[in-house]
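Chain by chain, the residues:
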Amino acid sequence: MHFVRYEVPSGETFVGCLYDDRLTRLPLRSAEGLLTATLDEIRQIVDAADVVEDRPYSLRSPVDGRTEVWASGVTYRRSMDARVEESDDQDVYQRVYEADRPELFFKANAWRTVTDGQLAGIRTDSDSDVPEPELAIALNQHGEIVGYLVCNDMTARAIESQNPIYLPQAKMYAGSCVLSAGIRPAWEVESSALVIDMQIARGDQHVFAGSTSTAQMHRRFDDLIRWLFAAEHFPYGVVLSTGTGIVPPLDFTLQEGDVITIDIPGVGSLRNTVARGPAPFLARQR
């Protein structure tokens, strides 16, 4: 089962539970409403849902309203090694990897996110751009893990490598935050050793493939959550992407038209075509 946000032909959006053979509507008009409830309350809402959606529908980004997306960096050894290799300030990433305090940064508000089947963006002012496939955690306002989803934390590598202070420009731009359409409930997932696979196709050629596992993470989920909530409150919940362990080589860069496929078995998948520049993202989803 996945929590989803969906739109019917009238243009109305709803929140539901998507099973293999049916979609059950929840008594919520927004996804942020789901993330204001406690985990026990969410389970009660799911168990009580008895309205089966029988209209045509299309899936939308799983977050809306005032829910935010944050991200983690340098949480895998592979990521630290890559950042050191590509950066002009190499010791910064080594120190972050070894520090007690993790790297956490704001990634997007809900209306800026895109989802499976939509376009993923690269910047016009970067000549080295890569996807970052990651497991993301959906957290309610109480800091409880509601569920898991797939995130592609798109990155302008050329900009970040020039100076770590450029991180906001490298990470936050049109089409840079891609989330799977469904959130798999936490009670259905064993998250300690989830496989993350990524493939990038260019025309009929596969130009990159990689795989990792959350078992290789240097950081614990509860540690990342503790730091995220240490000095901030998220009254409408938050999605936290937990970092990548798959990094293409330095001579690789995404091109417009590339197709990125990310799969985390048991959680979800993403398939997105790459677009360059902000123009394709001017018409934001509701």
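Residues numbered from 1 in each chain as written. Predicted model: local features only at pLDDT ≥ 70, side-chain atom pairs only at ≥ 80, totals over all residues. Heavy atoms only, no water.

(A) Spatial organisation of the overall build of the protein. On a plain count of helices and strands, the protein comes out with 7 helices and 20 strands. Scaling as 2.2 N^0.38, a compact globule of 286 residues should have a C-alpha radius of gyration of about 19 Å, and the protein matches this with 18 Å. With respect to the three principal axes, the spread of C-alpha positions in the protein is 55 × 40 × 30 Å. Counting only residues that meet the buried cut, the protein has 55% of its 286 residues in that class. Put simply, 74% of the contacts in the protein that link residues at least 6 apart link residues at least 24 apart. (Helix = DSSP H or I, 4+ residues; strand = E, 2+ residues; numbered from the N terminus. Rg over C-alpha atoms; globule rule 2.2 N^0.38 Å. Buried < 20%, exposed > 50% of the residue type's maximum accessible area, 1.4 Å probe, protein only. Contact = heavy atoms within 4.5 Å.)

(B) Fine view of the pairing of strand β6 (residues 68-73). Burial runs high along β6: 5 of the 6 residues are buried. Pairing between β6 and strand β7 (residues 103-109): 6 bridges, direction antiparallel. Looking at the pairing, glycine 73 lines up with glutamate 103 of β7. (Pairing = 2+ DSSP bridges.)

(C) Broad picture of the pattern of salt bridges. For the coordinates displayed, the defined rule picks out 16 salt bridges. For aspartate 64, the salt bridge identified is with arginine 5, shortest N-O distance 3.2 Å. Linking aspartate 64 in the loop between β5 (58-60) and β6 with arginine 5 in strand β1 (residues 2-7), this pair joins segments that are 59 residues apart in sequence. No difference in accessibility class separates aspartate 64 from arginine 5, as the two residues are buried. (Salt bridge = Lys/Arg side-chain N within 4 Å of Asp/Glu carboxyl O.)

(D) Examining the nonpolar core more closely. Counting 42 residues, the largest nonpolar core has Leu135, Leu139, Tyr148, Met154, Leu254 and Val267 as the members making the most contacts within it. Broken down by secondary-structure element, the contributors of at least two residues to this core are β9 (119-122), β11 (133-139), β12 (145-153), β16 (195-202), α7 (221-228), β18 (238-241), β19 (259-264) and β20 (268-276). No other element matches the 4 residues that α7 contributes to this core. Ignoring any residue separated from it by four or fewer positions in sequence, one finds leucine 254 in contact with Ile122, Asp129, Val130, Pro131, Met154, Ile200, Arg202, Ile260, Val274 and Arg276. Of all hydrophobic cores here, the second largest spans 26 residues; its members include Leu28, Val46, Ala138 and Val146. (Core = buried A, V, L, I, M, F, W, Y, C linked by side-chain atoms within 4.5 Å.)

(E) Representation of the packing of aromatic side chains in the model. Under the definition given, this model contains 8 aromatic pairs. Here phenylalanine 208 and phenylalanine 252 contribute two aromatic rings whose centre-to-centre distance is 6.1 Å and whose plane-to-plane angle is 40°, an arrangement assigned as tilted. Of this pair, phenylalanine 208 sits in strand β17 (residues 205-213) while phenylalanine 252 sits in the loop between β18 and β19; the two residues are 44 residues apart in sequence, bridging distant segments of the chain. Across this residue pair, the class does not change: phenylalanine 208 and phenylalanine 252 are buried. Three or more aromatic residues joined by ring pairs make a cluster, and in this case those are Trp70, Phe106, Phe229 and Phe234. Positioned over the ring face of tyrosine 19 is arginine 22, at 4.2 Å from the centre of the ring. Sitting over the face of the ring of phenylalanine 14, arginine 25 holds its NZ or CZ atom 5.2 Å from the ring centroid. (Phe/Tyr/Trp six-rings, centres within 6.5 Å; stacked < 30°, edge-to-face > 60°. Lys NZ or Arg CZ within 6 Å of the ring centre and 35° of its normal.)

(F) Region of interest: α7. Most of α7 sits out of view: 6 of its 8 residues are buried. Listing the buried residues of α7 in full gives Phe221, Asp223, Leu224, Ile225, Trp227 and Leu228. Buried positions along α7 lie against β6, β7, β11, β12 and β18.

(G) Region of the structure containing the sheet that holds β16. Here 5 strands make up an open sheet; going across it, the order is β9-β20-β19-β16-β17 and the pairing mixed. The outermost strands of the open sheet, each flanked by one partner alone, are β9 and β17. Recorded for the sheet is a direction-independent mean angle of 25° between the axes of neighbouring strands. By the bridge criterion, 4 bridges tie β9 to β20 in an arrangement that is parallel. Directly across from isoleucine 122, in β20, lies its bridge partner arginine 276. (Axes fitted to C-alpha atoms, helices over the stretch in contact; angles between N-to-C directions.)

(H) Structural view of the environment of leucine 35. Within the secondary structure, leucine 35 is located in the loop between α1 (31-34) and α2 (39-48). The class for leucine 35 is buried, based on a relative accessible area of 3%. Distance in space between the C-alpha atoms of leucine 35 and glycine 237 is 4.8 Å, their sequence separation being 202 residues. Not counting chain neighbours up to four residues away, the residues in contact with leucine 35 comprise Thr67, Leu139, Asn140, Gln141, Val146, Tyr236, Gly237 and Val238.

(I) Fine view of unusual backbone geometry. The phi torsion at valine 74 lies on the positive side, around 55°, for a residue other than glycine. Here valine 74 shows up in the loop between β6 and α3 (77-86). Note on valine 74: relative accessible area 4%, which makes it buried.

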